[in-house]
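Listed here are the chains, written in short residue letters.
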Amino acid sequence: MEDLIAVRGARYARERVLDGVAEIGRVTLMLADAARLTVPALRSFRLITQQMAAIGVGSLWLVTVVSVFTGAVAAVQAAYQFSSVVPLKYIGAVIIRSVIIELGPVLTALVVGGRVGASIAAELGTMKVTEQIDALRAMAINPIRYLVVPRLIASIVMLPVVTIFSNAIAIFGGYVVAVSTIGVSTHTYVLGLKQFFFLKALSSGLLKSMFFGGIIGTMGCYYGFRTEGGAEGVGIATTRAVVGACVLVLISDYLLANFFFRIIFTTE
Amino acid sequence: MIQIRGLRKRLGGRAVLDGVDLDIEDGECVVVIGRSGTGKSVLLKHILGLMTPDEGSIQIEGVEIVGMSERELDEVRQKFGMLFQGAALFDSLTVGENVGLGLREHGRLSDDEIRKRVSERLDWVGLEGVEDTKPASLSGGMRKRVGLARAIAMDPRYILYDEPTTGLDPIMADAIDSLIRGMQKRLGVTTIVVTHDLDSAFKVGDRFAMLHEGKIVFFGNTQETRSGSNAMVKQFIEGSSTGPIKV
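These figures come from a predicted structure and were not determined experimentally.

Caption draft 1: Looking closely at helix 5 (residues 140-152) of chain B. Residues and elements named next belong to chain B. The end-to-end C-alpha distance of helix 5 is 19 Å, a good match for the 18 Å that 13 residues give at a rise of 1.5 Å each. Burial analysis of helix 5 places 11 of its 13 residues in the buried class, which makes it a mostly covered element. What helix 5 keeps buried is the set M142, R143, K144, R145, V146, G147, L148, A149, R150, A151 and I152. As for helix 5, its buried residues are in contact with strand 6 (80-83), helix 3 (95-105), helix 4 (111-124), strand 7 (158-162) and helix 6 (170-187).

This is the structure we're talking about:
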């Protein structure tokens, strides 16, 4: 009996590993196709700008709300942690460093990943189950060029743009709380921002955002294209795209943070 | 001419196509009939290269398409137009953009020429002034007609219809049948219609193939089909649950 359970367990684990490897292979093939078709896709610039508007402009309100409160919480936490240990003049410094290196890029990616990843997967998934993707192929239009490349380019370009916006809003949110409830003067807060703003920190955050944008676009497109069945299939694809995007954003954040701290910040 | 030999395809462990042989001559309208789920739509998708067979051969105008790359298949696909079962219109585009999409993406015509072609093809299917309408606000019959206008926009040599009258009221179904026949005469195209609607089949078809359990079990003209010489076709036409076709 125990042997049977062990055999079944081993078989299940083997299948899961093989499924995972196959999934990585399929994603890689899709990305290779997308890379090959990037130049032809640039001819349809209108498709890319439409996606940029949907991904970027469409996310601004959500990002604004999340960022204001992120900055506000960062200010409250900093003030609490600093109490009687670190002078409050460093509050601006802590906020700008934490926001532009970590909080801005990661929280923006998670928020946009939820919204945009779900939207791309649902749209492409619905197109798949209603034969719209077959219709594109029937018209000799490559769906990777027409659907995937514009979404990938738009995600990679727009996530850093939205992150810059998010950074600014979060710093403003921190400022409002620092000045109104913690008693830090505007001059002190701004001085902290100025003294601890480094272009390297900003660029590392934005580079991370580009990676996150690529992950969000890839997950949305991949699971959208893999949708099977009807409404249930679209729901499953959407969930997988969002979960996949969020998990990969956090894992890649760790790897990229390690990379940037070793390569970029050691020379700061 | 389309020549299919020994086409086999397994899906989900089931042999959907199990050695299909079929010849379709230029300019004729072949109707593939059969029960739902017998692989009629799968057969159409193989002819267009949208699905890859496990075995077998498909020759379009003497050229083997099985094993072709996507790029080579795209060349072949430009000879085809297809009306999908649910019309498969792109929700995010207007009717005019849907009909003109192929022309625009292949850069064959100027914007003015595309506009003219789009309105001409919409006129052919009896729709005028709907270019700026979104597909979501169209009825089922109108969607099918827009789908047909899109299928004929690029002057295809072959038109494939997947259940063109399914879900339509009898009057609209008759209108679609007339359009199928009209397009064949006007454009001189080779037509393949997949349907289980026998009224529609007899209105549009020159020859009839019956697909059952993955095989073509009958292929004949209208007279041979109606004569009931084949027990399966007879049962299908009579709509009887007893006979060689098991329910």
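Caption draft 2: Broad picture of the interface of chain A and chain B. At the interface, 10 residues of chain A touch 15 residues of chain B. Broken down by class, the residue content of the side of chain A that touches chain B amounts to 5 nonpolar, 2 polar and 3 charged.

Caption draft 3: View of the sheet that holds strand 7 of chain B. All names here are of chain B. What the 6 strands build is an open sheet, ordered 6-7-8-3-9-10; its pairing is mixed. The outermost strands of the open sheet, each flanked by one partner alone, are strand 6 and strand 10 (215-221). Adjacent strand axes in the sheet meet at a mean angle of 15 degrees, parallel and antiparallel pairs treated alike. One ladder, built from 4 bridges, connects strand 3 (residues 29-33) with strand 8 (residues 190-194); its direction is parallel. By the bridge assignment, V30 is partnered in strand 8 with I192. Lying over the sheet, helix 6 contacts strand 3, strand 7 and strand 8, oriented at roughly 160 degrees with respect to strand 8.

Caption draft 4: Representation of the pairing of strand 8 of chain B within the structure. Residues and elements named next belong to chain B. For strand 8, the tally of buried residues reaches 5 of 5 residues, placing the bulk of the element in the interior. Residues T190, I192 and V194 of strand 8 are buried on one face, and the alternating residues T191 and V193, pointing to the opposite face, are buried as well. Sheet topology places strand 7 next to strand 8; 5 bridges connect them, and they run parallel. Across the sheet, the residue bridging to I159 is T191, located in strand 8. Viewed along the sheet, the connection from strand 7 through helix 6 into strand 8 turns out right-handed.

Caption draft 5: Main features of the nonpolar core. Residues I95 and A241 of chain A together with V31, V32, A149 and L160 of chain B are the most contacted members of the largest nonpolar core, which totals 138 residues. Look past the residues within four positions of V32 of chain B in its chain and what remains in contact with it is K40, L43, I192, V194, A209 and L211 of chain B.

Caption draft 6: Spotlight on the environment of I2 of chain B. All names here are of chain B. Tracing the backbone through its elements, the reader meets I2 in strand 1 (residues 2-11). The partly exposed category is assigned to I2, around which 18 C-beta atoms lie within 10 Å. The contacts of I2, once residues within four sequence positions are left out, are I24, I47 and I60.

Caption draft 7: Fine view of the sheet that holds strand 5 (residues 63-64) of chain B. All names here are of chain B. In space, the 4 strands of this open sheet follow the order 2-1-4-5, with antiparallel pairing throughout. What marks the edges here is a single partner per strand, and that holds for strand 2 (14-24) and strand 5. Bridging between strand 4 (residues 55-60) and strand 5 involves 2 bridges; their strand directions are antiparallel. The partner of I60 across the bridge, within strand 5, is V63.

How each quantity is defined
- Residues numbered from 1 in each chain as written.
- Chains lettered and ligands numbered in written order.
- Predicted model: local features only at pLDDT ≥ 70, side-chain atom pairs only at ≥ 80, totals over all residues.
- Helix = DSSP H or I, 4+ residues; strand = E, 2+ residues; numbered from the N terminus.
- Expected span 1.5 Å × (residues − 1).
- Buried ≥ 20, exposed ≤ 12 C-beta atoms within 10 Å, placed from the backbone.
- Contact = placed C-beta atoms within 7 Å.
- Nonpolar A, V, L, I, M, F, W, Y, C, P; charged D, E, K, R; others polar.
- Pairing = 2+ DSSP bridges.
- Axes fitted to C-alpha atoms, helices over the stretch in contact; angles between N-to-C directions.
- Right-handed = clockwise from strand over helix to strand, strands pointing away.
- Core = buried A, V, L, I, M, F, W, Y, C linked by C-beta atoms within 7 Å.

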